[in-house]
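The chain contents come next:
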Amino acid sequence: QVRLVESGGGLVQPGGSLRLSCTTSGIIFSIKAMAWYRQAAGKQRELVGDITSSGRTNYADSVKGRFTISRDNAKSTLYLQMNSLGPEDTAVYYCSVLVRGDRNWGQGTQVTVSS
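The rules behind these values
Residues numbered from 1 in each chain as written. Predicted model: local features only at pLDDT ≥ 70, side-chain atom pairs only at ≥ 80, totals over all residues. Heavy atoms only, no water. Helix = DSSP H or I, 4+ residues; strand = E, 2+ residues; numbered from the N terminus. Polar contact = N/O pair within 3.5 Å; in protein donor to acceptor, adjacent residues only side chain to side chain. Contact = heavy atoms within 4.5 Å. Pairing = 2+ DSSP bridges. Axes fitted to C-alpha atoms, helices over the stretch in contact; angles between N-to-C directions. Disulfide = S-S within 2.5 Å. Buried < 20%, exposed > 50% of the residue type's maximum accessible area, 1.4 Å probe, protein only.

Summarising the element assignment, T109 is placed in strand β11 (residues 109-113). Reaching out from T109, the side chain makes a polar contact with the backbone nitrogen of G9 at a distance of 3.1 Å. Once you skip the residues sitting within four places of it in the chain, T109 turns out to touch E6, S7, G8, G9, L20, A91, V92 and Y93.

This is the structure:
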């Protein structure tokens, strides 16, 4: 059974930083590509970025240069370091993994950027 648990969200001021974590179980984490998505209120869920099993990353243009995805295979944990946050980054953030053709999601963690 695949389980993804996000944490680290919260309220942050514009220009601030947060680091999200996603702990996983039920998968062989080290061989899986992983992804971060986000969904703002009233909008569709969008890809923030992803990371291959070998650590190659890809980012949406809206976060490139501000967000960094990393992984710790020993801890089966995915990270999202977010810097220079703005109100447009306010959303629920989800980690995700594709397993046998099905996309699996965590419960999400809320990030709110506001002064």
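Continuing now.
Strand order in the open sheet formed by four strands is β1-β3-β8-β7, and the pairing between neighbours is antiparallel. At either margin of the open sheet sits one strand with a lone partner, and together these are β1 (3-7) and β7 (67-72). Direction aside, the axes of adjacent strands within the sheet are offset by 15 degrees on average. When β7 meets strand β8 (residues 77-82), the two strands line up antiparallel, connected through six bridges. Looking across to β8, one finds that D72 is bridged to T77.

Each disulfide is one covalent bond, formed between the sulfur atoms of two cysteines. A full pass over the atoms with the stated rule returns one disulfide. Across a sulfur-sulfur distance of 1.9 Å, C22 and C95 are joined as a disulfide pair. Measuring the twist about the S-S bond at about 45 degrees, one finds the C22-C95 disulfide to be right-handed. In this pair, C22 is assigned in strand β3 (residues 18-25) and C95 in strand β9 (residues 91-99), connecting sequence segments 73 residues apart. One exposure class covers both C22 and C95, and it is buried.

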